[in-house]
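# Architecture and fold: a report
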Amino acid sequence: MMLRLSDARNFFILMCLFFFCCYDANSSSTAAPINNQPKFLVNKGCNVSFNPQINQLTLRSPITVKAQSSRARCIIRIDTSNTQKQFRLVPLAFKGVVKKAPARVAITSFLLGDQPTPYQITYGSAVNFDLTKKILPTNYTTTGKSVLGINLVLTTTGGELELTDLKFALQQK
């Protein structure tokens with residue numbers, strides 16, 4: 001059986017038509033999905049989670065510093081550049097206990113590109129502390145300034161400190 005040139009040409013035309021009719025340019029499986037949620041990053045030594053449904057950061061387990069491990073650092077970044085919305089960080093809870101002094105807490109919440117507003121305190125005696133009202137909310141994100149952050153450092157020289165509650169809201173304007 002011989003294949004005629006017209007049959008081959010017709011087959012090729014039918015295949016092209018089939019391809020173009022079935023292909024939907026708006027639903028390409030190779031295109032990356034558009035993600036409009038803020039991106040959350042945290043260092044390994046800090047057990048903090050981000051719940052995007054309620055836009056809240058929460059400490060999942062206490063952070064403890066004592067003589068054997070005298071320093072703990074927590075670095076959190078939230079990148080909102082992939083959203084069209086404006087956000088800021090608002091402290092909801094920042095509590096802990098100094099079981100044995102001396103101990104020091106230093107925290108900064110900031111919008112990258114703005115002047116940070118650090119807060120630090122050194123405790124000379126055992127005490128429960130609540131620094132929620134001492135930490136200022138950040139400014140709202142804008143075009144060019146879209147990364148929010150929290151830097152937390154807990155230190156002691158022979159004492160013991162435990163951060164028991166840390167919550168920040170990612171508030172939308």
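Here is what the cut-offs are and how they apply
Residues numbered from 1 in each chain as written. Predicted model: local features only at pLDDT ≥ 70, side-chain atom pairs only at ≥ 80, totals over all residues. Heavy atoms only, no water. Helix = DSSP H or I, 4+ residues; strand = E, 2+ residues; numbered from the N terminus. Buried < 20%, exposed > 50% of the residue type's maximum accessible area, 1.4 Å probe, protein only. Contact = heavy atoms within 4.5 Å. Pairing = 2+ DSSP bridges. Salt bridge = Lys/Arg side-chain N within 4 Å of Asp/Glu carboxyl O. Axes fitted to C-alpha atoms, helices over the stretch in contact; angles between N-to-C directions. Core = buried A, V, L, I, M, F, W, Y, C linked by side-chain atoms within 4.5 Å. Disulfide = S-S within 2.5 Å.

### A closer look at the overall build of the chain
When its secondary structure is counted, the chain shows 1 helix and 11 strands. What you see in the chain, going N to C, is helices and strands ordered as α-β-β-β-β-β-β-β-β-β-β-β. Taken across its 173 residues, the chain has 33% of its residues classed as buried. Across the chain, contacts joining residues at least 24 apart in sequence account for 79% of those joining residues at least 6 apart.

### Things to note about unusual backbone geometry
With omega at 5°, the peptide bond leading from Ala101 into Pro102 counts as cis. In this fold, Pro102 is placed in the loop between β6 (87-100) and β7 (103-111). Despite not being glycine, Asn55 has its phi angle at roughly 50°, a positive value. For Asn55, the location among the structural elements is in the loop between β2 (48-51) and β3 (56-59).

### Some points on the pairing of strand β10 (residues 147-156)
Consecutive side chains of a regular strand alternate in pointing toward one face of the sheet and then the other. When you tally the buried positions in β10, you get 8 out of 10 residues, the bulk of the element. In terms of strand pairing, strand β5 (residues 71-79) meets β10 through 9 bridges, oriented antiparallel. Across the sheet, the residue bridging to Cys74 is Leu152, located in β10. Where β7 meets β10, 9 bridges bridge the pair, whose relative direction is antiparallel. Within the sheet, the bridge partner assigned to Phe110 lies in β10 and is Gly149.

### Some points on the pattern of salt bridges
Inspection of the entire model under this criterion finds 2 salt bridges. Taking the shortest distance from any N to any O, the salt bridge between Glu162 and Lys99 comes out at 3.9 Å. Of this pair, Glu162 sits in strand β11 (residues 160-172) while Lys99 is found in strand β6, placing the two residues 63 residues apart along the sequence. Of the charged contacts, one joins Asp114 and Lys145 as a salt bridge, the two residues approaching to 2.6 Å between their closest N and O atoms. You can see Asp114 sitting in the loop between β7 and β8 (117-123) and its partner Lys145 sitting in the loop between β9 (127-130) and β10, a full 31 residues away along the chain. With relative accessibility at 29%, the residue Lys145 sits in the partly exposed group.

### Quick notes on the sheet that holds strand β1 (residues 39-42)
Strand order in the open sheet formed by 5 strands is β1-β5-β10-β7-β8, with antiparallel pairing between adjacent strands. Strands at the two margins of the open sheet, each flanked by one partner only, are β1 and β8. This sheet shows a mean twist of 10° between the axes of neighbouring strands, independent of strand direction.

### Things to note about the nonpolar core
Residues Leu57, Phe94, Val105, Phe129, Leu152, Leu154 and Leu163 are the most contacted members of the largest nonpolar core, which totals 32 residues. Those elements giving two or more residues to this core turn out to be β2, β3, β4 (63-65), β5, β6, β7, β10 and β11. Broken down by element, this core gets its largest block of residues, 5 residues, from β11. Ignoring anything within four residues of it in the chain, the contact list for Leu57 reads Phe40, Val48, Ser49, Phe50, Ile76, Ile78, Leu89, Ile150, Leu166, Lys167 and Phe168.

### Considering the state of the cysteines
Here the structure, examined in full by the defined rule, presents 1 disulfide. The disulfide partner of Cys46 is Cys74, and the gap between their sulfur atoms is 1.8 Å. One quick way to see it: the torsion about the S-S bond of Cys46 and Cys74 is about -70°, and its sign makes the bridge left-handed. Linking Cys46 in the loop between β1 and β2 with Cys74 in strand β5, this pair joins segments that are 28 residues apart in sequence.

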